[in-house]
Every structure is written in structure tokens, then in C-alpha cells.
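This is what each chain is made of:
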Amino acid sequence: MSPDRHISSEDTLRVSVLSEALPYIQRFAGRRIVIKYGGAAMVREDLREAVFRDLALLACVGVQPVVVHGGGPEINQWLEKLAIEPRFQDGLRVTCPDTMDVVEMVLVGRVNKQIVNGLNRVGGRAVGLSGSDGALVQARTMGDGTLGVVGDVARVDPSVLSPLLASGYIPVISSVAPNADGQAHNINADTVAGELAAALQAEKLILLTDTPGILRDRNVPTSLIRQLSLSEARRLITDGVVEGGMTPKTECCIRALAQGVKAAHIIDGRVAHSLLLEVFTNAGIGTMVVGSPGLLHA
Ligand SMILES: Nc1ncnc2c1ncn2[C@@H]1O[C@H](COP(=O)(O)OP(=O)(O)O)[C@@H](O)[C@H]1O
Ligand SMILES: CC(=O)N[C@@H](CCC(=O)OP(=O)(O)O)C(=O)O
């Protein structure tokens, strides 16, 4: 009798998948990957669990994931309970002082701690932060202030993250930050993720969302654009192919790449384990924006 007759084909598949991940684990161990977590992956319980497990696994094999989270749908729910109507302009929330109080309570309080608890539950070691902690992010009021206390990122000081990452903690960051006068501002979470990725000189910026990636026609899921150069990405914005919430995502990919991040990916958070598919497979998934053309999978 062959000594390995009791080994099932499932077991064989499992170890071969693990073995194939080795070059990726070696490549990304000790490297920083900034992940914007939001959209459907944040709303559905089963997907939440899959994202937490993926992040814990990345940290376990020595990759240094840094999570920036959104929470737009949950802010809307709380505004509705308080009879405040949510308003958006070009994908950004118009934020009056009352709305800002809700944004801060929901993002820095509820959502941040739900993610930290979820990660800790699956064996990750997560630490929650907002832009205020360790003066991580300083905001600047956007434009002429007609959007209210909506901020751009004026400055990032990532020094608070280094000891956390070196000790294996997963930082979980909400996109609320003070301006130079200490006034809390609401910043789009994609924007914070992009600037943070640049400040950390991250290997990758990965934005999880509720579409397969950037679509040539946003109503046709099969029209996915798999790879884009910086100039092609800029053109999609000026040509109006990219609109609404996809605009800050595409813009932040462009800014991150222009500041030295190696690759930026917009991927489908509705696909279970999309994070691992992106990091540990040759083909990757979603749309990849690269600084220099010709790279197939950075
Ligand atoms: N070209 C495009 N490809 C894909 N999605 C697009 C495009 N243009 C606009 N969108 C819109 O952008 C949305 C994603 O942005 P958003 O709702 O802010 O995501 P999230 O909540 O994940 O941050 C998509 O659901 C889609 O409606
Ligand atoms: C200025 C602005 O629009 N801020 C966002 C911040 C949260 C966010 O970005 O959440 P999602 O990623 O889930 O959309 C907002 O208030 O909704």
C-alpha cells in the first residue's frame, strides 16, 4: 500500500496553493501594504469576516498591512436617525458642524472599534487610530469651504506607525483629522489611504470597493479595465468615464503612484478573499494602476 493513500485531493490542493504563495510571501514580507476597507466588504457580515482573516493572515506571514477604513453607509444611517439629510458633491459628503459630529462619532468610535475587535477576534493584533493620534494626519479645509469641514490631507507624519508595525500590530485608521487649529475635518477615506501609502512608501495601495474595478462602461461589469498607466487614469477622469465615488479613488491612486508607491489596485470587495487573490496570485484581480507601463502584476 502506498504510504500516502490517506491524503485527500483537497489536502493536496491546499498545500500546493500554500506552496505557490511562497514567492509572494517572500516578496512582500516586511513590506507595507495600505488597504482602504469600505463598500460592500464592510457591510456584509460574511465578507467582513473574510477581510479580517485575510488581514490577519497577511500580518501572520510578515506583511505589514495598514488599514484605512470608510463607513459612508453607516454615517448615512445615523444621519437619517437624526433627521439630517446626507448630501454629496462629486462623491464627497457636504459636512456642516452637526454632520461632522456624527461623522466623528461613527467613524472614530463605532466603525473603527468594530474593525479592531473583528481583527482581534480572528487572531490579528489591531490598534485603532484616527488622524489625531500621534499627529498622524493634518487636514486642510478643501477648496473655499463650501463643502463645510471637508478636508484634504495637508501633512502625514507616519512615525507613530513604525513601532506598531515593527511589533506586528495592524494599524486601523479612520479618516477624521484636525486642521492646524485643531478643528476636526472629514476626509474621504480613499484620499487618506493614498497619502498614507505615499508617506509610508508602501509597496501597494489596495482600495476595496463594490465594483470589479474601474469599468470602461460603469453599467457593464464585464468592461473591467485590468491595467492602466498614470496618464490613462488621468484621461478616464477628464473624459468622464470615471465619476462619483470612483473619482477620489482614481485620483488617490494617481497621487500615490506619483509619490513613489509601486502599484495601486482598485478591487472588488464583494469577492470573498479578494485581498489574498490580489497579493498572492499572479493574475491579481481588479484594476491595477502603475507608474510605468508594461508591468503585468506588481
Ligand atoms: N468607470 C467606473 N467604474 C466603476 N465604478 C464607477 C465608475 N464611475 C463611477 N463609478 C461609481 O463609483 C462607485 C464606487 O465608489 P463609492 O461608492 O464611493 O465606493 P466605496 O463606498 O467602496 O468607497 C461605484 O459603485 C460606481 O457607482
Ligand atoms: C468627505 C467624505 O466624503 N468623507 C467620507 C468619509 C468616509 C468614507 O470615505 O467612507 P466610504 O469609503 O465608505 O465611502 C464620508 O463622510 O462618507
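Residues numbered from 1 in each chain as written. Chains lettered and ligands numbered in written order. Predicted model: local features only at pLDDT ≥ 70, side-chain atom pairs only at ≥ 80, totals over all residues. Heavy atoms only, no water.

- You'll find the chain entered in an unreviewed UniProt entry as Acetylglutamate kinase, with Cyanobium gracile UHCC 0281 given as the organism.
- Under the UniProt heading Pathway (unreviewed entry), the entry covering the chain gives this text: "Amino-acid biosynthesis; L-arginine biosynthesis; N(2)-acetyl-L-ornithine from L-glutamate: step 2/4."
- For the record of the chain, the UniProt heading Sequence similarities (unreviewed entry) holds the text "Belongs to the acetylglutamate kinase family. ArgB subfamily." (UniProt positions renumbered as here; feature names shortened; annotations may be inferred.)

## As for the overall build of the chain
For step 1, the next point in the chain: For the chain, the count of helices and strands is 11 helices and 14 strands.
For step 2, the next point in the chain: On C-alpha atoms alone, the chain measures out to a radius of gyration of 19 Å, which is about the 19 Å that the 2.2 N^0.38 rule sets for 298 residues.
For step 3, the next point in the chain: Principal-axis analysis of the C-alpha atoms gives the chain an extent of 75 × 40 × 35 Å.
For step 4, the next point in the chain: Considering only intrachain contacts with a sequence separation of at least 6, the fraction spanning at least 24 residues in the chain is 71%. (Helix = DSSP H or I, 4+ residues; strand = E, 2+ residues; numbered from the N terminus. Rg over C-alpha atoms; globule rule 2.2 N^0.38 Å. Contact = heavy atoms within 4.5 Å.)

## Some details on the packing of aromatic side chains
For step 1, the next point in the chain: A full pass over the atoms with the stated rule returns 1 aromatic pair.
For step 2, the next point in the chain: For the pair Tyr37 and Phe52, a centre-to-centre distance of 6.2 Å together with 70° between the ring planes defines the contact as edge-to-face. Here Tyr37 is found in strand E1 (residues 32–37), whereas its partner Phe52 is found in helix H4 (residues 45–60), with 15 residues between them in sequence.
For step 3, the next point in the chain: On the basis of relative accessible area, Tyr37 is assigned to the buried category, the value being 1%.
For step 4, the next point in the chain: A residue is classified by how much of its surface remains accessible, and Phe52, at 4% relative accessible area, is buried.
For step 5, the next point in the chain: The ring of Trp78 is capped by Lys81, whose NZ or CZ atom sits 4.0 Å from the centre of that ring. (Phe/Tyr/Trp six-rings, centres within 6.5 Å; stacked < 30°, edge-to-face > 60°. Buried < 20%, exposed > 50% of the residue type's maximum accessible area, 1.4 Å probe, protein only. Lys NZ or Arg CZ within 6 Å of the ring centre and 35° of its normal.)

## Some thoughts on the UniProt feature "domain: Aspartate/glutamate/uridylate kinase" (unreviewed entry) in the chain
For step 1, the next point in the chain: The UniProt entry lists residues 32–268 under the feature "domain: Aspartate/glutamate/uridylate kinase" (unreviewed entry), expressed in the numbering used here.
For step 2, the next point in the chain: Helix makes up 40% of residues 32–268 and strand makes up 24%, while its end C-alpha atoms are separated by 21 Å.

## Overview of the site of ligand 2
For step 1, the next point in the chain: Within the structure, ligand 2 sits among 15 residues, and Lys36, Gly71, Gly72, Arg93 and Asn186 are positioned closest to it.
For step 2, the next point in the chain: Interatomic distance of 2.9 Å between a side-chain N/O atom of Asn186 and an oxygen atom of ligand 2.
For step 3, the next point in the chain: A distance of 3.1 Å is found between an oxygen atom of ligand 2 and a backbone nitrogen or oxygen belonging to Ala189.
For step 4, the next point in the chain: Isolated, ligand 2 exposes 430 Å² of accessible area, and the fraction of that covered by the protein chains is 90%.
For step 5, the next point in the chain: When contributions to the shell around ligand 2 are tallied by element, the ones reaching two or more residues are helix H5 (72–81) and strand E4 (92–93).
For step 6, the next point in the chain: When residues of the shell around ligand 2 are assigned to their parent elements, the largest contribution, 3 residues, is made by H5.
For step 7, the next point in the chain: Tallied by class, the residues present in the shell around ligand 2 amount to 7 nonpolar, 6 polar and 2 charged. (Near = heavy atom within 4 Å. Polar contact = N/O pair within 3.5 Å; in protein donor to acceptor, adjacent residues only side chain to side chain. Areas by Shrake-Rupley, 256 points an atom, 1.4 Å probe, with all protein chains shown as cover. Nonpolar A, V, L, I, M, F, W, Y, C, P; charged D, E, K, R; others polar.)

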